[in-house]
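Tertiary structure, described
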There are 2 protein chains.
Amino acid sequence: MNEDVARPRQPSMADVARVAGVSAQTVSRALRGSAHVNPDTGRRVLAAVEQVGYRFNSAARALSSGRSLTVGLVLLASGGYYSRSAVTAGVESAADDAGYAVSIATIASLDARRMERALARLADQGVDGLVIAVPLISVTRKMEDITRDIPTVTLDGSRTAGARVIGIDQREAGRIATQHLLDLGHRQIWHLSGPDEWLEARQRREGWQECLALAGIEAPPALEGDWSPGSGYRQGQIIAMIPEVTAVFVACDEMAFGLIRALRERGRAVPEDVSVVSVDDIALASYCTPPLTAVRQDFFGHGAAAVRLLLQDGVTVEPSAVEATLSVRASTAPPRPR
Amino acid sequence: MNEDVARPRQPSMADVARVAGVSAQTVSRALRGSAHVNPDTGRRVLAAVEQVGYRFNSAARALSSGRSLTVGLVLLASGGYYSRSAVTAGVESAADDAGYAVSIATIASLDARRMERALARLADQGVDGLVIAVPLISVTRKMEDITRDIPTVTLDGSRTAGARVIGIDQREAGRIATQHLLDLGHRQIWHLSGPDEWLEARQRREGWQECLALAGIEAPPALEGDWSPGSGYRQGQIIAMIPEVTAVFVACDEMAFGLIRALRERGRAVPEDVSVVSVDDIALASYCTPPLTAVRQDFFGHGAAAVRLLLQDGVTVEPSAVEATLSVRASTAPPRPR
DNA sequence: GGAGGGTATGTTATCGATGACATGACGACA
DNA sequence: TGTCGTCATGTCATCGATAACATACCCTCC
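Below you will find a few notes about this structure.

Here is what the cut-offs are and how they apply
Residues numbered from 1 in each chain as written. Chains lettered and ligands numbered in written order. Predicted model: local features only at pLDDT ≥ 70, side-chain atom pairs only at ≥ 80, totals over all residues. Heavy atoms only, no water. Near = heavy atom within 4 Å. Polar contact = N/O pair within 3.5 Å; in protein donor to acceptor, adjacent residues only side chain to side chain. Helix = DSSP H or I, 4+ residues; strand = E, 2+ residues; numbered from the N terminus. Nonpolar A, V, L, I, M, F, W, Y, C, P; charged D, E, K, R; others polar. Buried < 20%, exposed > 50% of the residue type's maximum accessible area, 1.4 Å probe, protein only. Core = buried A, V, L, I, M, F, W, Y, C linked by side-chain atoms within 4.5 Å. Contact = heavy atoms within 4.5 Å. Salt bridge = Lys/Arg side-chain N within 4 Å of Asp/Glu carboxyl O. Pairing = 2+ DSSP bridges. Least-squares fit on C-alpha atoms with pLDDT ≥ 70 in both.

So, on to the protein's contact with DNA strand D. For DNA strand D, the set of nearby residues contains 24 residues, the closest of which are Thr 26 and Thr 41 of chain A together with Met 13, Ser 28 and Tyr 54 of chain B. Arg 61 of chain B places a side-chain nitrogen or oxygen 3.1 Å from a phosphate oxygen of DNA strand D. Ranked by residue count, the leading element in the surface near DNA strand D is helix α4 (residues 58-65) of chain B, at four residues. Taken together, the residues of the surface near DNA strand D sort by class into eight nonpolar, 12 polar and four charged.

Shown next as structure tokens:
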């Protein structure tokens with residue numbers, strides 16, 4: 001009766017079809033650029049879309065096509081702010097380029113229940129793929145049954161059934177950092193690692209150990225932090241009390257900030273008394289005092305590459321293609337001659 | 001015929017219903033804890049859910065109920081890493097608590113087309129609400145027609161039709177920082193602001209100006225950065241050349257890092273020659289050299305509060321309830337007596 | 001004891017897009 | 001000229017959950 005009464009409903013394909021004088025199916029075909037649509041018809045459809053202000057309904061599309069055009073991103077609440085943020089940006093950028101949306105789930109470390117819930121939520125949403133940036137060893141296992149059905153790319157190391165992996169070789173990062181210190185003439189090279197649960201923490205530590213072993217040096221015991229600057233500070237207080245230490249390889253920039261602060265407060269100058277090299281090379285690394293020597297990780301690039309790998313299904317891409325490079329700055333120097 | 005042939009389909013409510021010996025509708029009611037379900041039936045349904053491994057299909061739910069149980073988060077690619085990451089975590093945490101998923105869209109500053117696309121993507125996804133953390137003045141306008149249909153909460157200042165706003169009073173942040181410097185005895189207090197387009201940059205600058213005016217001091221011209229440490233460094237090189245300056249109020253921590261580095265390189269000690277106070281108080285602020293005096297912003301709390309405000313529809317919550325506090329550290333001191 | 005009301009459950013239509021299949025028009029080729 | 005293939009388009013069933021309506025049962029109260 002009253003055709004023009006306010007109806008808050010969004011226009012649907014049927015509305016477009018009515019205006020364009022075609023069937024809804026033709027609208028669908030035209031909009032997806034499918035074959036077998038007369039160019040004229042296509043233009044009419046596009047005009048009608050414009051006219052009625054049509055927006056496609058992704059729920060309906062997901063339901064009928066079985067694909068949600070969404071990728072899930074799983075992050076860990078702990079760990080560096082910088083890396084999380086950059087990885088997220090990279091994932092989102094690549095996903096956007098491919099017309100995909102990104103749905104995030106952050107999990108609190110170690111809490112298996114929350115983790116399962118987060119993954120389950122993404123699974124419920126029907127994400128077409130998962131990017132997992134949670135390289136916790138304990139976590140990887142538990143994810144397997146959920147991720148089995150969903151194409152998955154894992155960032156930085158952990159290995160899930162059927163998942164593909166992308167990331168820099170963390171062992172290599174450890175080696176590069178350690179070798180730099182060896183080249184400067186250091187022999188007492190300590191290590192402040194990330195939590196042992198993290199695969200990348202282990203791998204960096206292994207790189208450090210291997211490199212020392214190759215140089216015929218026995219590795220001192222590794223100290224362990226939790227990636228936070230505060231933990232770097234606490235471990236730095238310990239290291240400051242060991243006079244032999246002339247160099248420290250720190251597993252991430254944020255801990256390095258804390259460690260350097262502790263060393264300075266205890267009267268040990270960086271780099272004069274102790275050289276510090278770390279991993280990540282965040283934006284602030286160039287601007288602290290002293291500017292930090294660090295192995296660079298391209299988080300944004302990793303995130304983007306992970307999505308490309310994920311969506312490019314079938315196509316084989318060589319994983320872990322990103323290289324680690326060293327940014328040499330002022331926090332490292334030859335040891336003081338004695 | 002062959003009932004047990006592999007079918008990769010996820011079990012649906014109908015499958016659950018069959019096993020439980022009830023109708024699909026009853027399953028739906030039982031799962032949503034709806035009234036009028038016999039406790040016994042409820043238990044049977046739950047058991048059947050367990051048995052067949054049922055997971056609800058959010059696309060179908062969204063289609064039929066019109067609600068997607070998803071909130072959209074709009075971020076800006078530029079701006080601090082720390083804040084983005086913390087806001088995201090806060091949003092996601094509160095959303096998760098309420099059973100909502102989070103879909104993100106990052107927009108590149110100033111590019112109206114990308115921005116519209118990002119918002120359109122979220123709208124297409126049928127998000128039930130939007131949290132907008134993009135306080136660009138130029139951007140706010142353009143968002144209005146898209147956000148009109150969707151409940152929206154804006155973080156930090158910008159004001160959209162029908163949107164609610166949450167965040168600390170940025171003017172107040174500027175005042176607190178400036179007053180701290182005045183209290184220490186400074187009179188030549190300069191300001192390095194964020195991009196003029198950002199509402200919060202303007203407001204912090206206005207707070208600084210007002211505070212100086214109240215003290216009977218004419219504000220010097222404000223310098224402008226882009227939030228990055230690099231821009232802080234460049235502007236710091238300029239400030240280092242102006243001997244009168246004894247204090248700088250910097251609009252964010254990351255720029256402060258750059259600025260301090262430039263000052264030190266030019267032989268101006270912090271805080272002996274120049275005091276520096278900034279806004280944000282990121283985790284690294286306590287660990288740089290010197291530790292940074294900063295006005296704290298609780299980004300995580302903001303993000304979480306925004307979501308709560310968004311989902312609590314109908315209920316009136318007083319917006320902008322979060323207070324700014326000053327963390328006094330070693331980057332500020334009384335001016336050198338002359 | 002029949003009307004009225006609440007509870008537990010089933011049936012049917014619907015959301016919006018798409019896949020599968022059907023149809024009509026046109027041209028090519030034997 | 002009749003058959004066949006291709007193109008352009010339409011029709012119908014379907015995805016899975018839910019809203020709206022319908023039904024069957026039991027209880028209470030006048």
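Now, onward.
Residue and element names in this part refer to chain A. For Gln 170, the position within the fold is in helix α8 (residues 170-184). Classification of Gln 170 as buried rests on a relative accessible area of 0%. Side-chain polar atoms of Gln 170 contact the side chain of Gln 297, separated by 3.4 Å.

Our focus in this paragraph is the nonpolar core. Counting residues in each nonpolar core, the largest one holds 135 residues, and the members touching the most others are Val 276 of chain A together with Val 276 of chain B. In contact with Val 276 of chain A, not counting residues within four places along its chain, are Val 248, Val 250, Ala 256, Leu 259, Ile 260, Leu 263, Val 270, Leu 292, Thr 293, Ser 331 and Thr 332 of chain A.

Let us now look at the interface of chain B and chain A. The interface is formed by 51 residues belonging to chain B together with 51 residues belonging to chain A. In this structure, the connection of chain B to chain A is made through six salt bridges. As a salt-bridge pair, Asp 96 of chain B and Arg 121 of chain A come within 2.9 Å of each other at their nearest N and O atoms. At the surface where chain B touches chain A, the tally comes to 18 residue pairs in polar contact (both at pLDDT 80 or more). Of all the elements in the fold, those that place two or more residues in the side of chain B that touches chain A are α4, α5 (81-97), β2 (101-107), α6 (112-124), α10 (229-239) and α11 (253-265) of chain B. Take the side of chain B that touches chain A: its biggest share by element is 10 residues, from α5 of chain B. By the bridge criterion, three bridges tie strand β2 (residues 101-107) of chain A to β2 of chain B in an arrangement that is antiparallel. Bridge pairing links Ile 104 of chain A to Val 102 of chain B in β2 of chain B.

So, about the sheet that holds strand β6 (residues 189-193) of chain B. All names here are of chain B. A sheet is described by the order of its strands in space; here six strands give the open sequence β7-β6-β8-β9-β10-β11, paired in mixed fashion. At either margin of the open sheet sits one strand with a lone partner, and together these are β7 (223-224) and β11 (325-327). Both β6 and β7 contribute to a ladder of two bridges, which runs parallel. The residue of β7 that forms the bridge with Leu 192 is Leu 223.

The subject of this paragraph is the environment of Val 102 of chain A. Note on placement: Val 102 of chain A falls in strand β2. For Val 102 of chain A, a relative accessible area of 0% corresponds to the buried category. Residues Val 102 of chain A and Leu 130 of chain A lie 28 residues apart in sequence; the distance between their C-alpha atoms is 9.6 Å. The contact partners of Val 102 of chain A, leaving out residues within four places of it in the chain, are Val 71, Leu 73, Val 91, Glu 92 and Ala 95 of chain A together with Val 102, Ser 103, Ile 104 and Arg 121 of chain B.

The next point concerns the relation of the copies chain B and chain A. Relative to chain A, chain B is turned by 180° and slid 0.0 Å along the rotation axis, the superposed coordinates differing by an RMSD of 0.1 Å. The symmetry that links the two subunits is that of a two-fold axis. Both copies share a contact surface, since 100% of the interface residues of chain B are interface residues in chain A too.

Within the structure, DNA strand C sits among 24 residues, and Met 13, Gln 25, Ser 28 and Tyr 54 of chain A together with Thr 41 of chain B are positioned closest to it. Here DNA strand C approaches the protein such that, of its atoms within 4 Å, sugar and phosphate make up 64%. The backbone of Asn 57 of chain A places a nitrogen or oxygen atom 3.5 Å from a phosphate oxygen of DNA strand C. Between DNA strand C and the protein, one listed contact pairs a phosphate oxygen with a side-chain N or O atom of Arg 61 of chain A at 3.1 Å. Elements represented by at least two residues in the surface near DNA strand C include exactly α2 (24-31) and α4 (58-65) of chain A together with α2 (24-31) and α4 of chain B. Of all the elements, α4 of chain A adds the most residues to the surface near DNA strand C, at four residues. The residue inventory of the surface near DNA strand C, partitioned by class, reads eight nonpolar, 12 polar and four charged.

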